[in-house]
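# Architecture and fold: a report
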Amino acid sequence: MNGPGEFICRVSRQVSLGTNYYLIELEAPVLAQTVSPGQFAMLCCGEGFDPFLRRPLSIHQVNKHLGLVSFLYKVRGKGMSWLSRRQSGDQVSLLGPLGRGFNCSKPGSKGLLVGAGVGVAPLLFLASELVDRGWELFILMGGRSESGILRPDTFMEYGEVKIATEDGTSGIQGSILELLADELEKSSFDRLFSCGPVAVLKGVQGMSKEKGIPAELSLDEWMACGVGACMGCVCQSADGSYLRVCREGPVFEAGEVVLSG
Amino acid sequence: MADLAVNLAGIKMENPVMSASGTFGSGVEYDSVFDIGMMGALVTTGLTLESKVGNRPPRLCETPAGLLNAVGLQNPGVDVFIKDVLPEMLDFGVPVIANIAGSTKDEFVEIAEKFSGTGVAGLEINISCPNVKTGGMALGTAPEVAAQVVGSVVESTDLPVIVKLTPNVTNIVELARAVAAAGADALSLINTLLGMVIDVEQRKPMLGNVVGGLSGPAIRPVAVRAVWQVAQAVKIPIIGMGGICTGRDALEFILAGASAVAVGSAFFNDPLAAVRIIKELDEYCGEHGVDRLQDLVGAVWK
């Protein structure tokens, strides 16, 4: 199968990861076989027509063998709140796989993953894929406080993890961008991979340019269709035109996009 | 299976369910999701003479039972569309209607002429987009201006001309009468309602364009009312649209006087919406002993 499909998936488990963060695992055997790191799905997050739009969630983890796909998300509003109340055995509809993910076939052997808050979601699937391909990984995780550092132990299975929190409750006290600057001073990397708030992505973009290290950025934007039909989720490209985050992205080479905000 | 077929101003469709402009891309985006060949007809995204980059983001904002958008007709321009996109759309084997969006009367004529002999089944004149600075709604609120645009396009093409009207007017019936008198072959009712959402934390508008067009179930009663009013005032067929998500929603429009319906925002809620709506229309006919769906058009007032 080349394009996305619509699937009704059984929830295999829902795990609370502390305040407002959840991990939902779905039985989605076709998706598990076809999806690649950085891609996403549009999840139906309610009954009826309010909320009206589906929610784009990037794939957090895949078990091809068991046909399971999981999503890591933060409850912000009505839709994610509905999703967090689904329990094992309930059903969730989704459209996927969608978008252009990380380019795991680029040459290189030493990678630095930079994930802030719930932005770490796509980086776990990426980490497992890159490690399978023989990459050595270093992982930076950032958040406001310890409760926003999601699944650090799982990330440690794929590489050395360093943490920064604004309040110093975990790792160093400060910004993940300070960690990044520090790390780039100390050693060299073939490629950076990042997902998180725009401020973090901008920082990564800037340092990538300054150091001449290619970086891939995963963007988050409100979406309606998720398939490239409605032109609703655009970001500005380097040449001034608009690129669809759902189709040309959500992962872009750092030099491709102009980040605002 | 009931007879769902409709001949809309010479455009023959197997069923009355079309895609609404701007919501369905070229259909290719949904090709792997469902069989596009089962749609009644496809309507293209709004096409301008030159390529258009569209409005600055954010372009979308969810609202209660709907969404606000200000895309601003981002499209590759009519020439690139005809060369690169249209062939793929025609391959689906269903009628393709080109939604054209000139910024002046002359541009409308120029775009319309470019579609002669391309294989499209009809033109939908977009004088109702609320998100562009020139053309769009600016040409579609004064009856005499709208009639001039429509009259010029009708003279310049052999294709059926459908006119998509805005609900953002005091009297939509007067507008509909004017474009019908100017030679329109059919009407599309309604385009989006002009709206606005404000982020109270940032104290700024949510959309980059400040205002945008509201669509989805939230606007459906407004759209049904517009169809009901206009259908009684003009003789040309109407394509009803505005928040149609189910077969019963589609039936409201048909009973109000629409010969066909278009599905738009519903694709975002359920990518299989069109398939389901066609099935639900057929089921309704079965349950109510209706042989021909077209017999129900305007049944509320006829």
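Presented here is an overview of the structure given in this document. Just so it is clear, the model here is predicted, and its values are computed rather than measured.

All names here are of chain B. Helix length check: helix α1 (residues 78–90), at 13 residues, gives a terminal C-alpha distance of 15 Å against a target of 18 Å (1.5 Å per residue), a shortfall beyond 12%. The sharpest bend along α1 measures roughly 40° and falls at Asp84, with the proline Pro87 sitting one to four residues further on. For α1, every residue scored as buried is listed here: Val78, Phe81, Ile82, Val85, Leu86 and Met89. If you follow the buried residues of α1, they end up packed against β4 (42–43), β7 (96–100) and α2 (105–114).

Now for helix α5 (residues 176–186) of chain A. Residues and elements named next belong to chain A. Here α5 has its buried residues at Ile176, Leu179, Leu180, Glu183 and Leu184. End-on, the buried residues of α5 take up no more than an arc of 130°, which puts them together on one face. Exposed residues lying more than 90 degrees from the buried face of α5 are Glu185 and Lys186. The N-capping residue of α5, defined by a side-chain oxygen 2.8 Å from the backbone nitrogen of Leu177, is Ser175.

Pairing of side chains with opposite charge becomes possible as their charged atoms draw close. Residue and element names in this part refer to chain A. Under the criterion given, the structure shown has 23 salt bridges over all chains. Across the salt bridge formed by Arg86 and Glu47, the nearest N and O atoms sit 3.9 Å from each other. Separated by 39 residues along the polypeptide, Arg86 in the loop between α2 (78–84) and β7 (91–98) and Glu47 in the loop between β3 (40–43) and β4 (55–58) bring together distant segments of the chain. Taking relative accessible area as the criterion, Arg86 reaches 13% and is therefore assigned buried. Here Glu47 falls in the exposed class, since its relative accessible area comes to 59%.

Residue and element names in this part refer to chain A. Reading across the sheet, the seven strands line up as β11-β10-β9-β8-β12-β13-β16 and stay open at both edges, with mixed pairing between neighbours. Across the chains shown, the open sheet's two edge strands, defined by having one partner strand only, are β11 (172–173) and β16 (251–253). Across four bridges, strand β12 (residues 191–195) lies against strand β13 (residues 215–218) in parallel orientation. The residue bridging Leu192 from the neighbouring strand is Ala215, located in β13. Its contacts with the sheet place helix α3 (residues 121–132) against β8 (110–116), β9 (136–143), β12 and β13, and it is angled at close to 170° to β8.

Time to look at the pairing of strand β16 (residues 260–263) of chain B. Residue and element names in this part refer to chain B. Alternating residues of β16 divide into Ala260 and Ala262 and Val261 and Val263, and every residue in both groups is buried. Sheet topology note: the strand β3 (residues 17–19)/β16 ladder contains three bridges and is parallel. Of the residues in β16, the one forming a bridge with Val17 is Val261. Pairing of strand β15 (residues 238–241) with β16 involves three bridges; the strand directions are parallel. Residue pairing across strands places Gly240 opposite Val261, the latter belonging to β16.

Residues and elements named next belong to chain B. Where helix α5 (residues 220–231) meets helix α6 (residues 247–256), the closest approach of the two axes is 8 Å, and the angle between their N-to-C directions is 20°. As judged from the angle between their axes, α5 and α6 are roughly parallel. Between α5 and α6 lies a crossing whose hand is right-handed. On α6, the residues that touch Arg220, Ala223, Val224, Val227, Trp228 and Ala231 of α5 are Asp249, Glu252, Phe253 and Ala256. Across the contact of α5 with α6, the residue classes tally to seven nonpolar, no polar and three charged.

About the thresholds
Residues numbered from 1 in each chain as written. Chains lettered and ligands numbered in written order. Predicted model: local features only at pLDDT ≥ 70, side-chain atom pairs only at ≥ 80, totals over all residues. Heavy atoms only, no water. Helix = DSSP H or I, 4+ residues; strand = E, 2+ residues; numbered from the N terminus. Expected span 1.5 Å × (residues − 1). Bend = angle between axes of the 7 residues up to and from the residue. Buried < 20%, exposed > 50% of the residue type's maximum accessible area, 1.4 Å probe, protein only. Contact = heavy atoms within 4.5 Å. Arc of directions from axis to C-beta. Polar contact = N/O pair within 3.5 Å; in protein donor to acceptor, adjacent residues only side chain to side chain. Salt bridge = Lys/Arg side-chain N within 4 Å of Asp/Glu carboxyl O. Pairing = 2+ DSSP bridges. Axes fitted to C-alpha atoms, helices over the stretch in contact; angles between N-to-C directions. Parallel < 35°, antiparallel > 145°, perpendicular 65-115°, else oblique. Left-handed = near helix turned anticlockwise from the far one by under 90°. Nonpolar A, V, L, I, M, F, W, Y, C, P; charged D, E, K, R; others polar.

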